[in-house]
Amino acid sequence: EDGLPEEAPLLVPPAQDPAGWPAPARSLLQRKRHVKEFCGAWRALLALPLPARAHRRVLAALPEAVLPHVPRPLRYADLLSSGYSRGGVDALLSLKGLFVLMTRHNLEYPRFYTQLYSLVTLPSLGGANRATFALELDLFLSSAGLPAYVSAAFAKRLGRLALLAPPPAAALACGLAYNLLLRQPAARALIHRPAADADAAAAEDPYVAAEAEPRDCRAFDSCLWEVDTLRSHFCPSVSSLAALFARPFTQSTPPVELAPLAALSADSLIRVETQRKLKRAPIATAPAEPPPRHAKLWVP
């Protein structure tokens, strides 16, 4: 706590100089006293039998409202770990808190990316918390020390989900996979591996989608034939994102903005496509065929 002020800032300045106050009153302004009371209030709250809704609000508040202001943040590791292991919404809300403890306070959590891999599902990409999940997943997968097999497993799972998901979730999955390949050059082997065509690659794909361990799913031996298939997607937003994978990846290539993709819905996609100005109007008519030779015309 070196360099920190002894007195905490007050919302309402005192009418007189606190130096003339009694010692018990001056002690209320000390930062150590505030931190002690703050920690005690949170410990008392967490000792209560909280309902599920209140517990989720606690998990969401920990990374920014609690962990930066307590002297020993690792005390909250068990709470976040238990929420992460439960899966579902609790796991999504525990992600950021665990990541803060891992990156800033040296928490060791060996199975973090294994459990994160299991959270990448269609409900996560299409649910109510998909915007938060997508931004945090993009942050976690940007780590420079990520093993190649882990980045390949996430890219492959995102590509497979994009192939099966409705258009809003498919667009978000494509954006996440593109950003992953942009930041992890080792995973680009999945798009540079030669294949005869998408159908042949799908038939011979060694990727095991049901495998829970990224190390054993054989994603690094596969290729992203799903992206090649998505270039023919009926939704132009999805096909445009899939076409990005065919362009060169350079240091100046910008990542895909995920916030607009996370806000997409079926209604917004329809509205975008109906307002799009077409350079060429599609024509669905076929030229008239001439009548066969020696055809007899019926005359009434």
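Residues numbered from 1 in each chain as written. Predicted model: local features only at pLDDT ≥ 70, side-chain atom pairs only at ≥ 80, totals over all residues. Heavy atoms only, no water.

With that settled, the discussion passes to the overall build of the protein chain. The helix and strand tally for the protein chain stands at 16 helices and zero strands. For the protein chain, buried positions account for 40% of its 300 residues. In the protein chain, the share of contacts with a sequence separation of at least 24, taken over all contacts with a separation of at least 6, comes to 70%. Accessible surface, the protein chain as shown: approximately 18,400 Å² in total, 58% of it carbon and sulfur. (Helix = DSSP H or I, 4+ residues; strand = E, 2+ residues; numbered from the N terminus. Buried < 20%, exposed > 50% of the residue type's maximum accessible area, 1.4 Å probe, protein only. Contact = heavy atoms within 4.5 Å. Areas by Shrake-Rupley, 256 points an atom, 1.4 Å probe, with all protein chains shown as cover.)

Where helix α8 (residues 130-140) meets helix α10 (residues 167-183), the axes come as close as 10 Å, and the angle between the chain directions of the two elements is 15°. On the basis of their axis angle, the class for α8 and α10 is roughly parallel. Regarding α8 and α10, the two cross each other, and that crossing is right-handed. From α8, Arg-130, Ala-134, Leu-137 and Asp-138 reach across to α10, where they touch Pro-168, Ala-169, Leu-172, Leu-176, Asn-179 and Arg-183. (Axes fitted to C-alpha atoms, helices over the stretch in contact; angles between N-to-C directions. Parallel < 35°, antiparallel > 145°, perpendicular 65-115°, else oblique. Left-handed = near helix turned anticlockwise from the far one by under 90°.)

Taken as a whole and assessed by the stated rule, the structure comprises 11 aromatic pairs. Judged by centre distance (6.5 Å) and plane angle (65°), the rings of Phe-38 and Trp-42 are edge-to-face. With Phe-38 and Trp-42 both in helix α2 (residues 31-46), this residue pair falls four residues apart, about one helical turn. Judged by relative accessible area, which is 14%, Trp-42 ranks as buried. Ring centres of Tyr-109 and Phe-112 lie 6.3 Å apart, and the angle between their planes is 85°; on these two criteria the pair is classed as edge-to-face. A single burial state applies to Tyr-109 and to Phe-112, both of which are buried. Connected via pairs of aromatic rings, a cluster forms that spans Tyr-84, Phe-99, Tyr-109, Phe-112, Tyr-113 and Phe-140. Sitting over the ring of Tyr-117, Arg-157 keeps its end group 4.0 Å from the ring centre. (Phe/Tyr/Trp six-rings, centres within 6.5 Å; stacked < 30°, edge-to-face > 60°. Lys NZ or Arg CZ within 6 Å of the ring centre and 35° of its normal.)

A word on helix α9 (residues 148-164). For α9, which comprises 17 residues, the first-to-last C-alpha distance of 25 Å matches the rise-based estimate of 24 Å (1.5 Å per residue) to within 8%. Buried residues dominate α9, accounting for 13 of its 17 residues. (Expected span 1.5 Å × (residues − 1).)

What follows concerns the confidence of the model for the protein chain. Detailed reading of the predicted model is not advised wherever pLDDT is low. Averaged over all residues, the pLDDT of the protein chain is 84; the fraction at 70 or higher stands at 83%. Confidence drops under pLDDT 50 across residues 1-12; counting only partners more than four residues distant or on other chains, this segment forms 11 contacts. (pLDDT = per-residue confidence, 0-100.)

Turning to α8, a few remarks are in order. For α8, the set of buried residues is Arg-130, Phe-133, Ala-134, Glu-136, Leu-137, Asp-138 and Phe-140. Buried residues in α8 make contact with α5 (88-104), α6 (112-119), α7 (122-126), α9, α10 and α15 (258-262).

So, about the pattern of salt bridges. By the definition in use, this model includes 12 salt bridges. Between Arg-86 and Asp-90 there is a salt bridge, with the nearest N and O atoms lying 2.9 Å from each other. Here Arg-111 and Glu-213 are joined by a salt bridge, their closest N and O atoms 3.0 Å apart. Placement of the pair is Arg-111 in the loop between α5 and α6 and Glu-213 in the loop between α12 (198-203) and α13 (225-230), with a sequence separation of 102 residues. On the basis of relative accessible area, Arg-111 is assigned to the partly exposed category, the value being 44%. Of the residues examined, Glu-213 reaches a relative accessible area of 24% and is grouped as partly exposed. (Salt bridge = Lys/Arg side-chain N within 4 Å of Asp/Glu carboxyl O.)

For Asp-90, the location among the structural elements is in helix α5. A polar atom in the side chain of Asp-90 sits 2.9 Å from the side chain of Arg-86. Every residue in contact with Asp-90, bar those within four places of it in the chain, is listed here: Arg-56, Leu-59 and Gly-83. (Polar contact = N/O pair within 3.5 Å; in protein donor to acceptor, adjacent residues only side chain to side chain.)

Next up on the list: the side chain of Arg-157. Along the chain, Arg-157 turns up in helix α9. One buried charged residue, Arg-157, remains without a salt bridge, the closest side chain of opposite sign being Glu-211 at 8.8 Å. Among all residues touching Arg-157, those that are not within four sequence positions of it are Tyr-117, Ser-118, Val-120, Tyr-207, Ala-209 and Glu-211. (Lys, Arg positive; Asp, Glu negative; His and termini not counted.)

Turning to the nonpolar core, a few remarks are in order. Judged by nonpolar contacts, the single largest core of 78 residues is most densely connected at Phe-112, Tyr-113, Leu-116 and Phe-154. Looking at this core element by element, the count peaks at 12 residues for α10. The contact partners of Tyr-113, leaving out residues within four places of it in the chain, are Phe-99, Phe-140, Leu-141, Ser-143, Leu-146, Val-150, Phe-154 and Pro-214. (Core = buried A, V, L, I, M, F, W, Y, C linked by side-chain atoms within 4.5 Å.)

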